[in-house]
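Coordinates in review
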There are 2 protein chains.
Amino acid sequence: MRAEIITIGDELLIGQVVDTNSAFIAQELNKLGIEIYQVTSVHDDADHIRRAVSETLARVDIVITTGGLGPTKDDITKHVLCDYFGGQLVPSQEVESHVRQLYKDRPDVLNRLTETQWLVPNNCTVLPNRIGSAPLMVFEKNGKLLFSLPGVPREMEIAISEQVIPFLEQSSLSNKLSTIIHRTIQVEGIPESALAIHIENWENALPNTMHLAYLPKNGIIRLRLSGYFDKNDASASLQMDEQISQLQSLVAQWLIAEEDKPLEVIVGELLKAKHATIATAESCTGGKLAVLLNKHAGSSAFYMGSVIAYSNDVKQHVLNVNREDLDQFGAVSEQVVAQMACGVKNLLHTDYALATSGVAGPSGGTTEKPVGTVWIAVATPEHVYTELLHLKGEREQITDRATAKVLTKLIKYLQD
Amino acid sequence: MRAEIITIGDELLIGQVVDTNSAFIAQELNKLGIEIYQVTSVHDDADHIRRAVSETLARVDIVITTGGLGPTKDDITKHVLCDYFGGQLVPSQEVESHVRQLYKDRPDVLNRLTETQWLVPNNCTVLPNRIGSAPLMVFEKNGKLLFSLPGVPREMEIAISEQVIPFLEQSSLSNKLSTIIHRTIQVEGIPESALAIHIENWENALPNTMHLAYLPKNGIIRLRLSGYFDKNDASASLQMDEQISQLQSLVAQWLIAEEDKPLEVIVGELLKAKHATIATAESCTGGKLAVLLNKHAGSSAFYMGSVIAYSNDVKQHVLNVNREDLDQFGAVSEQVVAQMACGVKNLLHTDYALATSGVAGPSGGTTEKPVGTVWIAVATPEHVYTELLHLKGEREQITDRATAKVLTKLIKYLQD
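Residues numbered from 1 in each chain as written. Chains lettered and ligands numbered in written order. Predicted model: local features only at pLDDT ≥ 70, side-chain atom pairs only at ≥ 80, totals over all residues. Heavy atoms only, no water.

1. Things to note about the overall build of chain A
When you go through chain A residue by residue, the secondary structure sums to 16 helices and 17 strands. Counting only C-alpha atoms, chain A reaches 80 × 60 × 40 Å along its principal axes. When the accessible surface of chain A is summed, it comes to about 16,600 Å², and 49% of that surface belongs to carbon and sulfur atoms. Between the centroid of the 36 positive side chains of chain A and the centroid of its 51 negative side chains there is a distance of 1 Å. (Helix = DSSP H or I, 4+ residues; strand = E, 2+ residues; numbered from the N terminus. Areas by Shrake-Rupley, 256 points an atom, 1.4 Å probe, with all protein chains shown as cover. Lys, Arg positive; Asp, Glu negative; His and termini not counted. Charge placed at Lys NZ, Arg CZ, Asp CG, Glu CD.)

2. Quick look at the relation of the copies chain A and chain B
Structural alignment of chain A on chain B gives an RMSD of 0.1 Å, achieved by rotating through 180° and translating 0.1 Å along the axis. Here the transformation between the copies is reduced to the relation of a two-fold axis. (Least-squares fit on C-alpha atoms with pLDDT ≥ 70 in both.)

3. Focus: the nonpolar core
Ile278 of chain A together with Ile278 of chain B are the most contacted members of the largest nonpolar core, which has 66 residues in total. Filtering out sequence-adjacent residues up to four positions away, Ile278 of chain B remains in contact with Leu271, Leu293, Phe302, Tyr303, Met304, Gly305, Thr350, Tyr352, Ala353, Leu354 and Leu410 of chain B. Core analysis: the next-biggest nonpolar cluster, separate from the first, contains 47 residues, Ala331 and Val332 of chain A together with Val318 and Ala355 of chain B among them. (Core = buried A, V, L, I, M, F, W, Y, C linked by side-chain atoms within 4.5 Å. Buried < 20%, exposed > 50% of the residue type's maximum accessible area, 1.4 Å probe, protein only. Contact = heavy atoms within 4.5 Å.)

4. Considering the side chain of Gln339 of chain A
All names here are of chain A. Following the sequence through the fold, Gln339 ends up in helix α15 (residues 334-347). Looking at Gln339, its side chain comes within polar contact range of the main-chain nitrogen of Asn322, at 2.6 Å. A polar contact is formed between the side chain of Gln339 and the side chain of Asp325, at a distance of 2.6 Å. Beyond its immediate chain neighbours, meaning those up to four positions away, Gln339 contacts Leu319, Asn320, Val321, Asn322 and Asp325. (Polar contact = N/O pair within 3.5 Å; in protein donor to acceptor, adjacent residues only side chain to side chain.)

5. Considering the interface of chain A and chain B
Contact residues are listed per partner, giving 87 residues for chain A and 87 residues for chain B. Of the roughly 7,100 Å² buried at the junction of chain A and chain B (both faces included), carbon and sulfur atoms supply 54%. Looking at the side of chain A facing chain B, the largest losses of area belong to Ile14, Gln16 and Tyr310 of chain A, adding up to 9% of the total buried there. Where chain A packs against chain B, one counts 4 salt bridges. Arg154 of chain B is the salt-bridge partner of Glu394 of chain A, the closest N and O atoms lying 2.6 Å from each other. Linking chain A to chain B there are 42 residue pairs in polar contact (both at pLDDT 80 or more). At 8 residues, the largest contribution of residues to the side of chain A that touches chain B is made by strand β2 (residues 35-42) of chain A. Note that β2 of chain A and strand β2 (residues 35-42) of chain B share 3 bridges and pair antiparallel. Within β2 of chain B, the residue paired with Ser41 of chain A across the bridge is Val39 of chain B. (Buried area = accessible area lost by both parts, 1.4 Å probe. Salt bridge = Lys/Arg side-chain N within 4 Å of Asp/Glu carboxyl O. Pairing = 2+ DSSP bridges.)

6. What to know about helix α3 (residues 46-59) of chain B
Its 14 residues place the ends of α3 of chain B 20 Å apart at the C-alpha level, agreeing with the 20 Å of an ideal helix rising 1.5 Å per residue. Where α3 of chain B is concerned, the buried positions are His48, Ile49, Ala52, Val53, Thr56 and Leu57 of chain B. Down the axis of α3 of chain B, the sector holding all buried residues measures 150°, keeping them to one side. Those residues of α3 of chain B that are exposed and aimed more than 90 degrees away from the buried face are Asp47 and Ala58 of chain B. Contact partners of the buried residues in α3 of chain B: β2 of chain A together with β1 (2-8), β2, β3 (62-66), α4 (77-84) and β8 (144-149) of chain B. Where α3 of chain B begins, the capping side chain belongs to Asp45 of chain B, and its oxygen is found 3.2 Å from the backbone nitrogen of Asp47 of chain B. (Expected span 1.5 Å × (residues − 1). Arc of directions from axis to C-beta.)

7. Let's talk about the environment of Arg224 of chain B
Mapping Arg224 of chain B onto the fold places it in strand β11 (residues 220-229). The class of Arg224 of chain B is buried, set by a relative accessible area of 1%. Each C-alpha atom, one on Arg224 of chain B and one on Glu203 of chain B, is 12 Å from the other, the two residues being 21 residues apart in sequence. Ignoring anything within four residues of it in the chain, the contact list for Arg224 of chain B reads Asp10, Glu11, Ile14 and Gln16 of chain A together with His182, Arg183, Thr184, His211, Leu212, Ala213 and Leu215 of chain B. One polar contact links Arg224 of chain B to Ser226 of chain B, side chain to side chain, over a distance of 3.2 Å.

8. Overview of the sheet that holds strand β12 (residues 255-257) of chain A
Note on sheets: strands pair through backbone hydrogen bonds, and any given pair is parallel or antiparallel. Residues and elements named next belong to chain A. Spatially, the 4 strands line up as an open sheet ordered β10-β11-β9-β12, and their pairing is antiparallel. Of all strands in the sheet, those with a lone pairing partner are β10 (210-217) and β12, marking the two edges. Sheet twist, expressed as the average angle between the axes of neighbouring strands with direction ignored, equals 30°. The strands that helix α10 (residues 236-250) touches are β9 (179-188), β10, β11 (220-229) and β12; relative to β9, the one it contacts most, it runs at about 15°. Contacts from helix α16 (residues 395-415) reach β9, β11 and β12 within the one sheet, and its direction differs from that of β12 by about 95°. (Axes fitted to C-alpha atoms, helices over the stretch in contact; angles between N-to-C directions.)

Next up, the structure:
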């Protein structure tokens, strides 16, 4: 079964806000076997919204709209949909008491604009918005469903998980659900085109119900195999497993992950399994390793902290880097990056440590050490491993790639 | 004049990749007075791409497509467009020599798949892709233009800035360009709906050529005024200035920025103006302040570094936080966060310092200090200012809000 997403908001079309909602909605609906056929971003404009709604309802069974449900003048989605489906706005007791409860300790928010939030169309099913004031609305027409959700990402996420998915599973459309399975592995150390040639025979032999996609980012290539199956095909998962295991053996020498997990999550799992701890000493990556390593809940079990050492003083006095080496070899050198890793490992009493020192640019490059020259170090309980990277691109790309590279290097040592 | 964007790629529609390209394209075309009417995300599917292209060319003068130009099997955009506009693929000398040059030290990349990159449609104008192998293509039909660009963000950005914009300014459409002006200010400390009521009379009195949007994020509300003017309207900028200055005086008490600049950029400018330096000591924000403060080129002029202090040992031994205070008041306390700020300020010899210590969750909360309890500190050359935050939401939201809050607090002291 197919669905479409309509994201509503001028801010999306002048480039002030990036639409992250569609990706989340697509992932969640995919799990129900619902394929997103198209995403359409439209203005806060009645005619534009009407046209998009008509076109999408003509193409698919399920339409999800996000945005335009705020209390301010620029938000018109609720009025447009109410009118489009031929209804009228009426006060809702449930929504009113929910909103009053939501803002009980925020009297400044309970004003006449907020009060418009408990006016709801009399021709839709209203679902609760657990953390927000905008009611979720479900309109039905000719057996097709349109869900109107807030654009605030967290409100939308909770709405999808707690309201939309259960609603769909109970709806008349539930018998149309099929099975879509995505399996992703991650490889590193081979160019995309060389990889494609290497696995060409396997890829060409795939059944036409399966499709492979190449997703390169920061020097890592994610290979995603998508399979489309009948809802009652009991062997769907097995068929995917067989193809994925063939693929894994083909790319074994470059394989870094058998799942579509962020590198830092893989690192965290490997460290927790070893009951080991880690710290980071970052110069050019300036905290990106730290943010990734403590991004996920439970990271305090293995991640002790970091020293972001921009100046040589910090490298010397906090990380105990040898002053002579700093002067002789420079901050961007194998000697310094190795001492940074050992320094932070000793300072924070950890089992492992990562360090980066490089020229992220745009300035600071020399003929000897041009922009993109990055030394990375991985300190294990036994050794310190260093590597010199020559990265292309600009400041953001260089630091992202260096971050991915040092995590990949650590993963290999943790897996051995 | 209006344009539309078509983003092409299955990965966008299964939620594996977030489309950040559209926002960039919209911002750049807006500067030429080109309004993005709609963004449409479609599959790597010939029929789907054809329909989207037909529909968009029927609605607007300019169409930009991104994605589907890679050398691998799943990328079909070039073939579909070539065929749609009735041409054939022919080898291009220029593209071939560019690609060979691009990969001169990467023989493993120069394979038969890569060689397909220098096949180009004989019915389009080929523009150079400075950093990638996929040629940029411009198709013309009935005076309308379709640009086909790579989906790799950096390649797309350079293509827009260095090729598409100049091409449009030279094209037959250039006389149709009008003027769109966006002005954004940022306020903090008032709820969106209360703000809307506060400025209601001013907003309702706006000319119908101007439109206000509310963009709340991390406790900060960006107010964006968009004005649409005739290309020859010499007073356009002046009209915007007058409205914006009225708005600024209305919201003066909550105003934190007169431009749509990231908080860390404002901080950097204020620090550079004072020739002052800064360091950060982060517990719950775990490096987010560090990443922001050194994200932009030239940050090493004012940003010295950071200590990400997760464990109490690090707080005590690296940041010199008093052990008794840690034991008596706990890590999440006014005493500790203030000492963290002073500690890193002394350790890194800076003029200012920021510190955060809180319960980001999901676990670790107590009745006394529930998840969302965050102490922040701003150390100036004279004082240390602390503030207790009670933040709602989950780990990511709480740390993002705390990061925004401490930067906002710093901005206020730097502006005084």
